[in-house]
Every structure is written in structure tokens, then in C-alpha cells.
Amino acid sequence: MADLARLVQDIATEMRDASDRGEVASYIPPLARVDPRQFGLCVVTAEGAVHSAGESEEPFSIQSISKVFALTQALGKVGDTLWRRVGREPSGTPFNSIVQLEREQGIPRNPFINAGALVVSDINLAGHAPREAIGELLRFTRYLADDDGIIIDEAVARAEQATGFRNIALANYMKAFGNIHHAPELTLGVYFHQCAIAMSCRQLAMAGRFLMHGGLHLPGGPRVVSAQRARRINALMLTCGHYDASGDFAFRVGLPGKSGVGGGILAIAPGKAAIAAWSPGLNANGNSMLGTLALERLAEATGWSVF
Ligand code: DON
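Residues numbered from 1 in each chain as written. Predicted model: local features only at pLDDT ≥ 70, side-chain atom pairs only at ≥ 80, totals over all residues.

Going by this rule: UniProt positions are given in the numbering used here, feature names are shortened, and annotations may be inferred rather than shown by experiment.
Per an unreviewed UniProt entry, the protein chain carries the name Glutaminase and comes from Bosea spartocytisi. The record held by UniProt for the protein chain lists under Sequence similarities (unreviewed entry) the comment "Belongs to the glutaminase family."

1. A closer look at the site of the ligand
What counts, and what does not: Throughout this description, a residue near a molecule or strand is one whose C-beta atom, derived from the backbone, lies within 6 Å of it. Any residue outside Ala, Val, Leu, Ile, Met, Phe, Trp, Tyr, Cys, Pro, Asp, Glu, Lys and Arg is labelled polar, Gly included; the first ten of those are nonpolar and the last four are charged. Residue ranges for the domains originate in an automatic or database domain assignment.
Lining the immediate surroundings of the ligand are Q63, S64, F95, N96, N114, E160, N167, C195, S259, G260, V261 and G286. Among the residues making up the shell around the ligand, the classes are represented as three nonpolar, eight polar and one charged. Taken together, domain 1 (4-61 + 199-302) and domain 2 (64-197) each give at least three residues to the shell around the ligand, which thus spans both.

2. What about helix α7 (residues 154-163)?
The criterion, for reference: Backbone-placed C-beta atoms define the burial measure: a residue is buried with 20 or more other C-beta atoms within 10 Å of its own, exposed with 12 or fewer, and partly exposed in between. Secondary structure counts use DSSP, requiring at least four H or I residues in a row for a helix and at least two E residues in a row for a strand, with both numbered from the N terminus. Working definition: the arc comes from the directions between the helix axis and the C-beta atoms, pointing outward to the latter.
Turning to α7, its buried residues number three or more, namely V156, A157, A159 and E160. Buried positions in α7, seen along its axis, are confined to an arc of 165° and lie on one side of it. Seen from the buried face of α7, the exposed residues on the opposite side, beyond 90 degrees, are E154 and A162.

3. Some points on helix α6 (residues 130-145)
Worth spelling out the cut-off: To estimate how far a helix should extend, the number of its residues minus one is multiplied by 1.5 Å. What counts as a contact is two residues whose backbone-derived C-beta atoms lie within 7 Å of each other.
Here α6 contains 16 residues, and its C-alpha end-to-end distance of 23 Å stays within 8% of the 22 Å for a straight helix at 1.5 Å per residue. Among the residues of α6, P130, A133, I134, L137, T141, L144 and A145 are the ones counted as buried. Burial along α6 is one-sided: seen end-on, the buried residues are contained in an arc of 105°. Tucked into the core, α6 has its buried residues touching α3 (66-78), α5 (114-125), α9 (184-195), β5 (197-199), α10 (201-207) and α11 (209-212). Phi for D146, located one or two positions after α6, is positive at around 55°.

Structure, rendered in C-alpha cells:
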């Protein structure tokens, strides 16, 4: 493999100069204001080396990437009984789609589409006040990243709430099927705030380490989840982490990955690296255009594809 530090730098240079950068998400006003010229990349290796380039220290809204941490938290609470309420199949539909819910009795296809993430938020709420559930997720994310500087961007959370009519519809629709157990507005409060967690590429790659280390926080360190659960979360990221573009991401990059409309992507090379890429401009499927391209370049040069 070529020198990794150099490779990360070269990829960032190519992305900095790219002219076609996609479109920033416009449906949440604070996201629409983010400068599309930014690009960040951070690779944390299994040995603990950290290679960063570009705007890798700049916090951005992790949005749907939070669904990985929320799922991990919910599985810790209820174990595999979670799968009675959420499926494990790719949906082939956009992240905020409602069409399958009627045919499938209010059971979302997987935990990474919005409907599935709302059920996960409902599980994490577990009869507590939304503030407690959100605080717990934030503390868990800080623990995973070894970084107390991770925060929730309240302006983004408020904007999610003010514009989240599809999510409000999804939560209420699933409530009608009995698959949301709390008042929908409480479950939605948890979901909107988890989407508003802000992290840098470095913080995000650090938080993803347990998925490269087979469920351990660090090699020889405390266990976050079992090895089997880490494998399964990675499998879901690979098959469902990019919604209706999950197949294309597997084809181009070949790594478990989870995207967010803030332009971030967390990708895992099991046993090798945890990687975060960020560029706010999105492609037609709502995934970071340059983030995906950067991961494609990285996987190609390192041979890290799982295939
Ligand atoms: O509309 C929402 O639910 C968002 N705040 C989160 C969506 C998201 O990041 C989808 N991913 N690509």
C-alpha cells in the first residue's frame, strides 16, 4: 500500500480542486447555508494512527449517521427483540419514503431509513424524558470518540422540528400500527436532536473505531458490543446505509458506510480502518458527492474493499 498519510493528503487535494461538488441539502435552512467548497477526510487505522486532511477538524451536522450510534444504543437496551419492530432488508426507496409502511404493517424495512430510525428512537426513549434519551446518546457518542467536545447543534434541531413534516407523518403512521409506543412528538424530539449532533471527521472516525475492532472500544480494551453485533451493524451499513444508492456505494467503495444529508459518510474497513469523509454537496441520491468519490479512491488505492 502506498504511504497512507500521503494518500489521504492527495485525495483531499483532488477533492479541494473538484468543480462538480453536488448540491447542499436545502430542506433544512441551517444545512443550506453550509459552504460547499469544504472537504474533510480522516482515517484512523487499527494500529491507532490518525491521518487527516482538508477540513477534518470542522464540525458538521452528522444527520443520518447518528442512526448507527442510536441503533447500537437501542440494541444494548432491548437486544435482538428490536428486530420484531424493524426489518433488516434494503428498502430500495429514498430515506424518507412512506410507501412500504402500509403494505408492511408499520414495520420499517431497516433501521437506517427514517421510519426505522424513528422506531429506534422510540426504543431509546424507553419511558424517559426525551432530554434524558438524547443526553444518553450524546454521552455514548462522546465515549466512543474519546472526545467530550461533541455537541448538539440546537439551531439544526429546531429547524428539523420546524420542517420535519414527513418525519411527523411517518411517526404518526407507525403509531397507528402500534409500532411507536410513546407520544409521537416525544419520539420525534429524540430523533430530531440525534440528527443535529455535530462532529468533525476526526471525531466521527474515532467514534467508528468499535466497528473496525470487532466491537471493542480499542484492541484489548473494553467491549462496546459483541463481535457478532459489530459484524451485523457493519452488514446493515453495507446493505442499507446509503438507502436506494446502497448498491452503488457497495459497487464503487465496497465498505460498510453510513451517509447523512449534512454530507458526511462514516465507512468501516473491518480490522483495518475507520474512515470519515465530509463534503456538503450531495449527489442525486442525497449522499455526499465528493465524500463518496474520496472513499472510492481510498478503497481502490488501499485494497480495503471487503470484496
Ligand atoms: O430529514 C431527516 O430526517 C434528516 N434530518 C436526516 C436525514 C438524513 O441525513 C438522510 N440521509 N442521507
